[in-house]
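If you want the building blocks of each chain, they are given just below.
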Amino acid sequence: MDLLYEKIEELLKGSLCIAYSGGVDSSLLLKVASDINKDNRYVLYAVTFNTKLHPVKDIEISSKLAKEMGVAHEIIEIDELKNEEILNNSVNRCYFCKKFMFQKLVDFANENGIQNIIDGTNLDDLSTYRPGLKALKELNIKSPFVELGIDKSTVRKLANDLGISVANRPSAPCLATRIPYNTKLDLGLLNRIDRCENEIKTMGFDVVRLRVHDDIVRIEVKKEDIRRIIDNSHRIINLLKSNGFTYITVDIEGFRSGSMDIHTNEGK
């Protein structure tokens, strides 16, 4: 913990912008920075992307937490679907998307005289298929957790130790991860997926992914929750069919991050 505080204070001295999603990784960075900057002697911003491809709850959560921590919060509006390379959803989509979004953040930092930009990439992210990491490196975005060798489990432990409310919040990745690569992104479909996932979560599931393959929707939840999906099948079937999904399946392998990446040869 001491090394993390030292690292963040070093970056704060040159003014700091945190790419802030409201997830546990970026919330830990923000908490540490806000603790150090209680007297507001340093320039500190939390910046959140309001995008077409991320769950709508991210904005609500990030705004609430930034306010609780007393940090200036900026929201940058992003329409990734205006970028043809993102819209076409190739296996390098994440690279194009990160480059597109974080270039806007770099522009914001330059306009406000901010020297350092950091994000919540942790050590575990280096062992998964993350083409977006190349874009972060190209734009000189710093990742303190990687530099300090901090993995996801350590991030969650530190966040719990500091009493951060989202310490155990499940990851909420980009909605484009719900459809196969090289399938053109459709905003209407992504919104329906987001709406249905949120509704299923209200039934008591903390992790839900709806992976859509043409007219088949594949439900991923934790293995221990699969039985409860069956128990709630009538309600779930009505929900999904009313939102235009035809064939409804449950993935008996259970939830696993990056299950759409298995054909990249670098799947998560």
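Keep in mind it's a predicted model, so treat the numbers as computed, not measured.

A. Main features of helix α8 (residues 152-161). Within α8 the residues assigned to the buried category are Lys152, Val155, Leu158 and Ala159. Each buried residue of α8 sits inside an arc of 125° when the element is viewed along its axis, so together they form one side. Pointing more than 90 degrees away from the buried face of α8 are the exposed residues Ser153 and Lys157. Check the buried side of α8 and you find it contacts α1 (2-12), α2 (24-36) and α7 (144-147). Looking one or two residues past α8, glycine 163 carries a phi angle of roughly 70°, positive in sign.

B. Up close: the packing of helix α9 (residues 187-201) against helix α11 (residues 233-242). Two numbers describe how α9 lies on α11: the axes approach to 10 Å, and their chain directions differ by 165°. In this view, α9 runs roughly antiparallel relative to α11, as classed from their interaxial angle. You can see that α9 and α11 cross each other, and the crossing is right-handed. Contact residues: Cys196, Glu199 and Ile200 in α9; Arg235, Ile236, Leu239 and Leu240 in α11.

C. Local environment of the pattern of salt bridges. Tallied over the full model, the rule gives 19 salt bridges. Between aspartate 206 and lysine 222 there is a salt bridge, with its nearest N and O atoms 3.0 Å apart. Of this pair, aspartate 206 sits in the loop between α9 and β5 (209-213) while lysine 222 sits in the loop between β6 (216-220) and α10 (226-231), and the two are 16 residues apart along the sequence. Residue classification places aspartate 206 among the partly exposed residues on the basis of a relative accessible area of 37%. For lysine 222, a relative accessible area of 29% translates into the label partly exposed. Two residues, aspartate 225 and arginine 228, come together in a salt bridge whose shortest N-O distance is 3.3 Å. A network of salt bridges, in which partner residues are shared, links Arg211, Arg218, Glu220, Asp251, Glu253 and Arg256.

The rules we used
- Residues numbered from 1 in each chain as written.
- Predicted model: local features only at pLDDT ≥ 70, side-chain atom pairs only at ≥ 80, totals over all residues.
- Heavy atoms only, no water.
- Buried < 20%, exposed > 50% of the residue type's maximum accessible area, 1.4 Å probe, protein only.
- Helix = DSSP H or I, 4+ residues; strand = E, 2+ residues; numbered from the N terminus.
- Arc of directions from axis to C-beta.
- Contact = heavy atoms within 4.5 Å.
- Axes fitted to C-alpha atoms, helices over the stretch in contact; angles between N-to-C directions.
- Parallel < 35°, antiparallel > 145°, perpendicular 65-115°, else oblique.
- Left-handed = near helix turned anticlockwise from the far one by under 90°.
- Salt bridge = Lys/Arg side-chain N within 4 Å of Asp/Glu carboxyl O.

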